[in-house]
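Structural description and commentary
In case you want the letters, here they are:
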Amino acid sequence: MELLRANLSRVRIPEPTNRIYKHECCISFDTPKSEGGLYIDMNTFLAFGKDCVGWNFEKTGNPVYLHIRQTRKLVCEDRPLKKPTLLAIGVDGGFDNNETEYEETKNIVILPDYVTLPFPSVELPEKVRLAVDAILMAEGAERKEQVASWTADKKHISEYTLNLQQLDNGVIIPPFGWKCAKCDKTENLWLNLTDGMILCGRRNWDGSGGNNHAIEHFKETGYPVAVKLGTITADLDAAEVVGSFTIISDVFSYPEDESVLDPLLAQHLAYFGIDFSSLQKTEMTTAERELDQNTNFDWNRIQESGQDMEPLFGSGYTGLVNLGNSCYLAATMQVVFSTRSFCSRYYMTQSLKKAFEAAPADPTVDLNTQLAKLAHGLLSGKYSVPAPEKEDTTNVANATPIAKQEGIPPRMFKGVIAASHPEFSTMRQQDALEFFLHFIDQVERVSASKPEFDPSRSFKFGIEERLLCPSGKVAYNRRHDYILSLSIPLHLAINKDELEAFNKSKAERDTQGKEVRSTDEIVRPRVRLVDCLRSFVAEEEVHDFYSNELKAKVTATKTAGLISFPDYLVLHMRKFVMEAGWVPKKLDVYIDVPDTIDISDMRSKGIQPGEELLPEPAAEDMAEPKLVADDDIVSQLVSMGFNNLHCEKAAINTSNAGVEEAMNWLLSHMDDADIDAPISQEAQSVDQSKVDTLVSFGFQEDVARKALKASGGDIEKATDWIFNPTNVSSSSNMDVSSSSTSIADSPLPDGGGVYRLMGIVSHIGTSTQCGHYVAHINKDGRWVIFNDEKVGVSKNPPKDMGYLYVFERLNS
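Calculation rules
- Residues numbered from 1 in each chain as written.
- Predicted model: local features only at pLDDT ≥ 70, side-chain atom pairs only at ≥ 80, totals over all residues.
- Heavy atoms only, no water.
- Helix = DSSP H or I, 4+ residues; strand = E, 2+ residues; numbered from the N terminus.
- Buried < 20%, exposed > 50% of the residue type's maximum accessible area, 1.4 Å probe, protein only.
- Contact = heavy atoms within 4.5 Å.
- Areas by Shrake-Rupley, 256 points an atom, 1.4 Å probe, with all protein chains shown as cover.
- Core = buried A, V, L, I, M, F, W, Y, C linked by side-chain atoms within 4.5 Å.
- Pairing = 2+ DSSP bridges.
- Axes fitted to C-alpha atoms, helices over the stretch in contact; angles between N-to-C directions.
- Left-handed = near helix turned anticlockwise from the far one by under 90°.
- Salt bridge = Lys/Arg side-chain N within 4 Å of Asp/Glu carboxyl O.
- Parallel < 35°, antiparallel > 145°, perpendicular 65-115°, else oblique.
- Nonpolar A, V, L, I, M, F, W, Y, C, P; charged D, E, K, R; others polar.
- Phe/Tyr/Trp six-rings, centres within 6.5 Å; stacked < 30°, edge-to-face > 60°.
- Expected span 1.5 Å × (residues − 1).
- Arc of directions from axis to C-beta.
- Polar contact = N/O pair within 3.5 Å; in protein donor to acceptor, adjacent residues only side chain to side chain.

**Quick notes on the overall build of the protein**
Per the secondary structure count, the protein includes 23 helices and 28 strands. With 812 residues in all, the protein has 49% of them scored as buried. For the protein, long-range pairs separated by at least 24 residues make up 68% of all intrachain contacts whose partners lie at least 6 apart in sequence. Taken as a whole, the protein presents about 39,100 Å² of accessible surface, with 51% of it coming from carbon and sulfur.

Pasting the structure below:
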């Protein structure tokens with residue numbers, strides 16, 4: 001006790017603004033449940049595992065720690081497994097509501113001799129007792145930074161329900177025997193609350209669900225609100241209060257494209273003769289279906305569902321716990337830390353202690369430290385051990401290990417890597433490609449002072465594009481990139497005959513209101529990877545290319561090649577495209593990917609003898625062209641009674657897209673403070689609505705603005721520009737998927753063009769913003785599946801279903 005009193009000056013009572021770590025070591029994945037428990041520094045409130053606390057004492061001199069250790073409780077009888085009733089994690093009624101209970105012991109430990117004093121104890125100084133109480137009562141920083149709950153968005157009352165017009169057409173809905181009015185569907189039926197039409201819902205990604213008749217009916221009629229039949233009930237145990245009624249239902253607003261509340265639902269149902277009190281719930285609501293999907297993942301081939309998976313444990317076979325929607329991060333990092341460059345940098349040559357010694361005062365915000373922590377967590381094998389069976393708690397010492405592991409939660413790493421990116425800091429699903437590029441960019445930044453140790457360089461390569469002007473002269477553009485983004489030439493599918501027969505059969509079924517009986521019967525285009533690679537180097541036309549030689553916009557010819565071959569080549573398959581109406585769509589296609597590829601013929605040749613370069617643009621040519629209002633648009637708006645100046649501004653700010661677009665802009669900007677100000681001679685800003693549209697597709701706002709600016713405000717051209725800037729204008733020098741590093745930097749890794757497939761990141765779902773990511777990696781001569789915390793031998797890796805393919809260059 002005297003030793004503790006002598007060190008009271010090193011004890012602080014935490015304030016509400018202090019971040020307190022008490023759930024996980026800041027430089028390892030030890031927790032209070034680990035064998036040695038967790039030590040909380042009572043001066044900095046950082047937590048350390050048994051192996052790391054001594055390093056902290058050496059670095060800071062802080063001697064007093066709160067030691068928390070949790071051991072499994074002995075439970076005599078098994079608790080029944082409860083099915084989740086709430087789409088949430090870690091809350092009553094949600095997921096993980098049958099977790100093993102632990103007994104917690106707390107002590108005050110004084111280093112370096114590990115003098116231990118029990119807590120609570122009346123003999124402890126009041127300052128220590130107050131400090132410990134404050135630590136225990138505070139919410140851990142880990143939970144503050146990584147939200148534990150995952151709940152569906154709260155519904156709002158829709159204005160379309162409040163002002164709903166119902167047609168007096170005499171329709172009366174029977175209490176049973178419902179069927180789609182346009183096909184034979186008897187499930188997933190929606191009642192339009194305007195005209196009483198019963199129509200099937202949307203078709204799912206796998207061909208199941210409805211035939212889109214309800215949404216098509218809205219597009220034809222504009223009738224905005226529908227309720228899902230079979231979800232309307234007066235069940236008081238699962239109800240929400242709507243007005244004076246207590247009912248549950250699934251109401252959807254098509255203009256808002258989301259589930260909403262209808263406070264007048266009872267009245268709207270009664271209009272069609274429906275008494276909600278007599279209805280029994282027979283179908284899952286959308287939220288319940290989402291819950292069911294998250295409770296029972298069944299992603300078939302990608303997750304190798306239905307197959308007995310041989311679990312793997314040990315070094316390099318550690319799973320990553322899903323933090324809610326972090327599978328994009330888990331799949332990407334498993335592949336990254338399977339490369340020699342990242343293993344060597346953050347595991348083989350850098351110990352945890354060395355990383356901690358070089359870290360700032362708070363290692364939880366240091367990317368280098370958290371990368372070393374993640375590397376040691378994944379590669380050491382310390383945390384890749386069979387988990388004890390939760391139900392076998394009668395005798396903890398004899399608990400039987402089960403064929404899975406608990407995995408490690410990458411909370412601190414996610415907090416650091418997402419700090420500079422507002423989207424990755426959320427709990428929403430993200431694009432694995434975008435995350436990979438952001439991650440590589442951050443690693444490159446922290447390695448700037450010692451580029452020779454930068455592991456991200458193993459992915460880096462140069463691209464050279466050659467533009468041939470009709471004048472015969474050429475221009476060469478060079479840039480760096482970390483991924484090779486490939487379009488998928490569906491017209492080169494190798495199973496055209498099967499596709500044609502399937503589409504013919506499907507068309508016949510559609511006319512009869514029938515659907516494909518099984519997803520196994522669906523025939524998908526199959527395209528060879530070699531054809532995707534050839535499409536990258538193939539000639540293509542570049543329209544509206546400004547030739548400094550001809551002083552005019554012309555159609556040029558573009559070819560591309562690689563300046564260098566990286567150690568690891570990442571191929572991105574452009575499965576997400578835009579269909580009519582600017583709706584993002586995922587291509588349902590298989591890619592034939594061989595185990596080895598040879599891209600030697602893709603190496604660029606540079607300027608050739610006899611070629612003459614296009615002249616550099618003059619200063620006046622470099623000036624950005626001023627957008628002038630289209631006279632036809634302005635005159636039509638003026639004829640409607642609008643002010644001429646306002647009409648010119650509307651046309652300019654919508655990039656002369658059309659009268660309707662200009663009118664919409666005008667009506668929404670009539671109250672702008674500068675609406676009557678003269679039109680600036682500077683370049684006009686792009687239409688914010690178009691920026692918002694591109695942002696909704698998953699692009700960053702600054703990228704969307706530059707793309708629209710480079711493409712004259714055309715959304716389709718802007719989308720193409722994002723993926724391939726030179727398609728729009730030769731003046732574009734930005735590549736949004738690559739680093740902005742100059743091509744004149746230090747030499748890049750290079751070698752032969754023969755590569756071996758070593759990693760696949762697969763995605764399932766309709767959008768990069770939803771669904772699930774899984775990694776398959778070729779390790780130790782076999783394919784291994786990494787599905788969050790589940791790690792095992794892959795019997796049938798989905799080589800033809802990848803979103804990202806990682807190839808390792810073979811020594812030649």
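From this point, the narrative continues.
**Regarding the nonpolar core**
Of all hydrophobic cores here, the largest spans 55 residues; its most connected members are Met333, Phe337, Phe342, Phe413, Phe435, Phe436 and Phe439. Apart from the residues within four sequence positions on either side, Phe439 is in contact with Met333, Val336, Phe342, Leu371, Phe413 and Ile417. Core analysis: the second largest hydrophobic core is formed by 34 residues, Leu4, Ile20, Ile40 and Met42 among them.

**Examining the sheet that holds strand E1 (residues 38-41)**
The antiparallel open sheet is built from five strands, whose spatial order is E2-E1-E3-E4-E5. The open sheet has two edge strands, strand E2 (47-49) and strand E5 (115-119), and neither has a second partner. When strand polarity is set aside, the average angle formed by the axes of neighbouring strands in this sheet is 30°. Of the pairings in the sheet, the one linking E1 to strand E3 (residues 64-72) comprises four bridges and is antiparallel in character. Bridge pairing in E3 places Ile40 opposite Leu66.

**Some details on the packing of helix H19 (residues 644-653) against helix H20 (residues 659-668)**
Two elements in contact, H19 and H20, have axes separated by 8 Å at closest approach and are oriented at 115°. In the crossing of H19 with H20, the sense of the turn from one axis to the other is right-handed. Residues His646, Lys649, Ala650, Ala651 and Asn653 of H19 touch H20, and the partners they reach there are Ala662, Trp665 and Leu666.

**Some remarks on unusual backbone geometry**
At the junction of Leu111 and Pro112, the peptide bond is cis and its omega measures out at 15° in the coordinates. The omega torsion across Phe119 and Pro120 is 5°, close enough to zero to call that bond cis. Tracing the chain through its elements places Pro120 in the loop between E5 and helix H3 (126-137). At Asn212, a position not held by glycine, the phi torsion is positive, near 70°. In this structure, Asn212 sits in the loop between strand E7 (198-200) and helix H6 (213-221). Even without a glycine there, the phi angle at Asp780 is positive, about 50°. Topologically, Asp780 is positioned in the loop between strand E25 (772-779) and strand E26 (782-787).

**A few points about the pattern of salt bridges**
In total, this model carries 30 salt bridges according to the counting rule given. Among the salt bridges present, the one from Arg411 reaches Glu24, with a minimum N-O distance of 3.7 Å. Here Arg411, found in helix H13 (residues 411-417), pairs with Glu24, found in the loop between helix H1 (2-6) and E1; they are 387 residues apart in sequence, far enough to count as distant. Its salt-bridge partner being Arg478, residue Glu464 comes within 2.8 Å of it at the nearest N-O pair.

**So, the packing of helix H10 (residues 340-348) against helix H12 (residues 367-379)**
Relative orientation and spacing of two packed helices are given, respectively, by the angle between their axes and the distance between those axes. For the pair H10 and H12, the least separation of the axes is 8 Å and the interaxial angle reads 105°. Between H10 and H12, the angle falls in the class roughly perpendicular. Of H12, the residues touching H10 (which contributes Cys343, Arg345, Tyr346 and Tyr347) are Asn368, Leu371, Ala372, Ala375, His376 and Leu379. Of the residues belonging to the contact of H10 with H12, the class tally is seven nonpolar, two polar and one charged.

**Some remarks on the sheet that holds strand E13 (residues 461-468)**
Taking strand neighbours across the sheet as the criterion, the four strands line up as E14-E13-E18-E17 in an open arrangement whose pairing is antiparallel. Each edge of the open sheet is held by one strand with a lone partner, namely strand E14 (474-481) and strand E17 (540-547). Sheet twist, expressed as the average angle between the axes of neighbouring strands with direction ignored, equals 35°. Pairing geometry for E13 and strand E18 (residues 552-562), over six bridges, is antiparallel. Residue pairing across strands places Arg466 opposite Thr559, the latter belonging to E18.

**Observations concerning the packing of aromatic side chains**
To describe a pair of aromatic rings, one takes the distance between the centres and the angle between the planes. For the structure on display, the rule yields 18 aromatic pairs. Summarising the aromatic geometry, the rings of Tyr328 and Phe435 are spaced 5.5 Å apart at their centres and angled 80° between planes, so their arrangement reads as edge-to-face. Taken together, the positions of Tyr328 in helix H9 (residues 327-336) and Phe435 in helix H14 (residues 432-446) put the pair 107 residues apart, joining distant regions of the chain. Ring geometry for Phe436 against Phe459: centres 5.3 Å apart, planes inclined by 80°, an arrangement best described as edge-to-face.

**Overview of the pairing of E18**
Where E17 lies against E18, six bridges are found, and the strand directions are antiparallel. Across the sheet, the residue bridging to Phe545 is Val554, located in E18. Linking E17 back to E18 in an antiparallel pair, the connection comprises four residues, with Lys551 at a positive phi of about 55°.

**As for the environment of Ile488**
Within the secondary structure layout, Ile488 lies in the loop between strand E15 (484-486) and helix H15 (496-511). The buried category is assigned to Ile488, whose relative accessible area is 10%. With 47 residues separating them along the chain, Ile488 and Ser535 place their C-alpha atoms 8.0 Å apart. Ignoring anything within four residues of it in the chain, the contact list for Ile488 reads Val527, Cys532, Met573, Arg574, Lys575, Leu587, Val589 and Ile591.

**Looking at H15**
For H15, with 16 residues, the first-to-last C-alpha span of 23 Å sits near the 22 Å given by 1.5 Å per residue. Looking only at H15, the buried set comprises Leu499, Phe502 and Arg509. Projected down its long axis, H15 shows its buried positions confined to an angular sector of 90°, all on one face. Exposed side chains of H15 directed beyond 90 degrees from the buried face belong to Asp497, Glu500, Lys504 and Thr511.

**What to know about the side chain of Ser485**
Topologically, Ser485 is positioned in strand E15. On the accessibility criterion, Ser485 (12% relative accessible area) is buried. A polar atom in the side chain of Ser485 sits 2.9 Å from the side chain of His572. Side chain to side chain, Ser485 and Arg574 meet in a polar contact 2.9 Å long. Discounting chain neighbours no more than four positions away, the residues touching Ser485 are Phe536, His572 and Arg574.

**Looking at the pairing of strand E8 (residues 225-228)**
Side-chain alternation along E8 places Val225 and Val227 on one buried face and Ala226 and Lys228 on a second face that is also buried. The sheet contact formed by strand E6 (residues 189-192) and E8 spans three bridges and is antiparallel. Looking across to E8, one finds that Trp190 is bridged to Lys228. Here three bridges tie E8 to strand E11 (residues 251-253), and the two strands are oriented antiparallel to one another. By the bridge assignment for E11, Ala226 is matched with Phe252.

**Thoughts on the environment of Val336**
Looking at the element boundaries, Val336 is found in helix H9. Counting along the chain gives 100 residues from Val336 to Phe436, while the straight-line C-alpha distance between them is 8.9 Å. Beyond its immediate chain neighbours, meaning those up to four positions away, Val336 contacts Phe342, Phe436 and Phe439.

**Some thoughts on H12**
Helical periodicity: at 3.6 residues per turn, an α-helix aligns residues three or four positions apart in one direction. Between its terminal C-alpha atoms H12 stretches 18 Å, which fits the 18 Å expected from 13 residues at 1.5 Å a residue. The buried fraction of H12 amounts to 13 of the 13 residues, a majority that puts the element mostly inside the structure. Within two residues after H12, Gly381 carries a phi angle of roughly 85°, on the positive side.

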